[in-house]
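The lines below spell out each chain.
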Amino acid sequence: MNTANVKIESSWKSALKEEFDKEYFKNIVNTLKTEKKAGAKIYPKGKLIFNAFKCTPLANVKVVIIGQDPYHGPGEAMGLSFSVPKGTRVPPSLKNIYKEMKEDIGCNIAEHGDLTSWANQGVLLLNAMLTVKHKSPGSHKKIGWQTFTNAVIKKISEERSGIIFLLWGRFAQGKKEFIDEAKHHILEAAHPSPLARGAYFGSKHFSKTNDILAKHGLDKINWCIT
């Protein structure tokens, strides 16, 4: 990956072109290159770093779900927040999301954790940090990714209207400063992690999101994972 040829979906590349030329983004690229040369394992694979943008072009965004950083075990991260590839153990937070979906909208609890179907319907599954080192959560928190993803949130806020932001937990809720609340919808809840001791349950964000979409004449999200 280099700043001259960042492999990102074309509408996002156009919208964010100024970011790729800034020093902080060059620092991200150099840091990743240096760590890889030193033998570090970095997740997700390079081709999946910008997977959220590939699956959900800017014009298609209806909903934004903000996570922190990618899963840090082998084969888990796939460039979509909260999502893991089929055949990978469903993480505890996603299990709780599935439980809430069942209670809220009646979805059967899925046997896998691949949320690509959400992304393809306009749900931008955005992690604040787009990479992480093996077994080192938060390891790329300070290399510049948050500057980039904050710019992504601001760009969505500026160029779109009526987007539904699902902010789960204090970290995600800290991104409200980049969202024009007069133009967009913000739904907040506790994080789905078991560490929140069930505070996430009963938020009904899936039905609430679809109610907002229907009110504005937009297709609802089919949240159920099969």
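Up top is the structure.
Structural notes, computed from the coordinates.

Calculation rules
- The residue numbering used here restarts from 1 in each chain and proceeds along that chain's sequence as written.
- For a predicted model such as this one, the threshold for reporting local features is a pLDDT of at least 70, and the threshold for listing and counting side-chain atom pairs is 80 or more; totals across whole chains, interfaces and linings nevertheless cover every residue.
- The side-chain values count all of the structure's non-hydrogen atoms but skip hydrogen atoms and water molecules.
- Using a 1 Å grid laid over the protein atoms alone, points where a 1.4 Å probe fits but cannot get out form a cavity; open sets with protein on both sides within 12 Å along at least 5 of 7 lines form a pocket; any residue with an atom within 4 Å of a point counts as lining.
- Grid points are joined across faces, edges and corners, and a volume is the space filled by probe spheres set on the points.
- Polar here means any residue outside two lists: the nonpolar Ala, Val, Leu, Ile, Met, Phe, Trp, Tyr, Cys and Pro, and the charged Asp, Glu, Lys and Arg; Gly therefore counts as polar.
- To count toward a patch, a residue needs a relative accessible area above 30% and no salt bridge. Like charges then connect within 9 Å, nonpolar side chains (Val, Leu, Ile, Met, Phe, Trp, Tyr) within 5 Å.
- Here the open area of atoms and residues is found with the Shrake-Rupley method and a 1.4 Å probe, where only the protein chains shown may cover a residue.
- Here a salt bridge means any side-chain nitrogen of Lys or Arg lying within 4 Å of a carboxyl oxygen belonging to Asp or Glu.
- Residues scored as charged are limited to Lys and Arg (positive) and Asp and Glu (negative), so that His and the chain ends carry no count.
- Charge coordinates come from a single atom per side chain, which is NZ of Lys, CZ of Arg, CG of Asp or CD of Glu.
- Only DSSP runs of H or I with at least four residues qualify as helices, and only runs of E with at least two residues qualify as strands; both kinds are numbered from the N terminus onward.
- One fewer than the residue count of a helix, multiplied by 1.5 Å, yields its expected span.
- Each residue gets one of three labels from its accessible area relative to the maximum for its type: buried under 20%, exposed over 50%, partly exposed in between, using a 1.4 Å probe on protein chains only.
- Counting rule for disulfides: a pair of cysteine sulfur atoms within 2.5 Å.

1. Concerning the layout of surface pockets
- As a volume, the largest pocket reaches approximately 680 Å³.
- Tallied by class, the residues present in the lining of the largest pocket amount to 12 nonpolar, 11 polar and 5 charged.

2. Topic: a positive patch on the surface
- There is a patch of like positive charges on the surface, built from Arg-89, Lys-95, Lys-99 and Lys-135.
- With respect to the helices, strands and loops of the structure, Lys-99 is situated in helix α5 (residues 92–105).

3. A short note on helix α7 (residues 145–159)
- Between its first and last C-alpha, α7 extends 21 Å over 15 residues, near the 21 Å set by a 1.5 Å rise per residue.
- Counted residue by residue, α7 has 11 buried out of 15 residues, so it is predominantly covered.
- Those residues of α7 that fall on the buried side of the exposure criterion are Trp-145, Gln-146, Phe-148, Thr-149, Asn-150, Ala-151, Val-152, Ile-153, Lys-155, Ile-156 and Ser-157.

4. Regarding the state of the cysteines
- Taken as a whole, this structure holds 1 disulfide when the rule is applied.
- The disulfide bridge from Cys-107 ends at Cys-224, spanning 2.1 Å between sulfur atoms. Handedness of the Cys-107-Cys-224 disulfide follows from its S-S torsion of about -80°: it is left-handed. Of this pair, Cys-107 sits in the loop between α5 and α6 (116–120) while Cys-224 sits in the segment after α9 (205–215), placing them 117 residues apart in sequence.
- Under the relative-accessibility criterion, Cys-224 is labelled partly exposed at 29%.

5. Observations concerning the pattern of salt bridges
- Following the criterion strictly, the structure yields 4 salt bridges and no others.
- Glu-159 is paired through a salt bridge with Lys-155; the nearest N and O atoms lie 3.6 Å apart. In this pair, Glu-159 and Lys-155 are both assigned in helix α7, 4 residues apart and thus about one turn of the helix distant.
- Given the relative accessible area of 46%, Glu-159 is considered partly exposed.
- Measuring nitrogen to oxygen at the nearest pair gives 3.1 Å for the salt bridge that ties Glu-188 to Lys-176. Taken together, the residues span a long stretch of sequence, with Glu-188 in strand β6 (residues 185–189) and Lys-176 in the loop between α8 (169–173) and β6 at a distance of 12 residues.
- Accessibility expressed as a relative area gives 39% for Glu-188, which makes it partly exposed.

6. Comments concerning unusual backbone geometry
- A cis amide bond links Tyr-43 with the next residue in sequence, Pro-44, at an omega value of -5°.
- As for its position among the elements, Pro-44 is in the loop between β1 (42–43) and α4 (51–55).
- Here Lys-135, not a glycine, exhibits a phi torsion of approximately 55°, which is positive.
- In this fold, Lys-135 is placed in the loop between β4 (132–133) and α7.
- Classification of Lys-135 by relative accessible area gives exposed; the value is 52%.
- One non-glycine residue, Lys-204, adopts positive backbone phi at about 55°.
- Here Lys-204 shows up in the loop between β6 and α9.

Nothing here speaks to function; it is all geometry.
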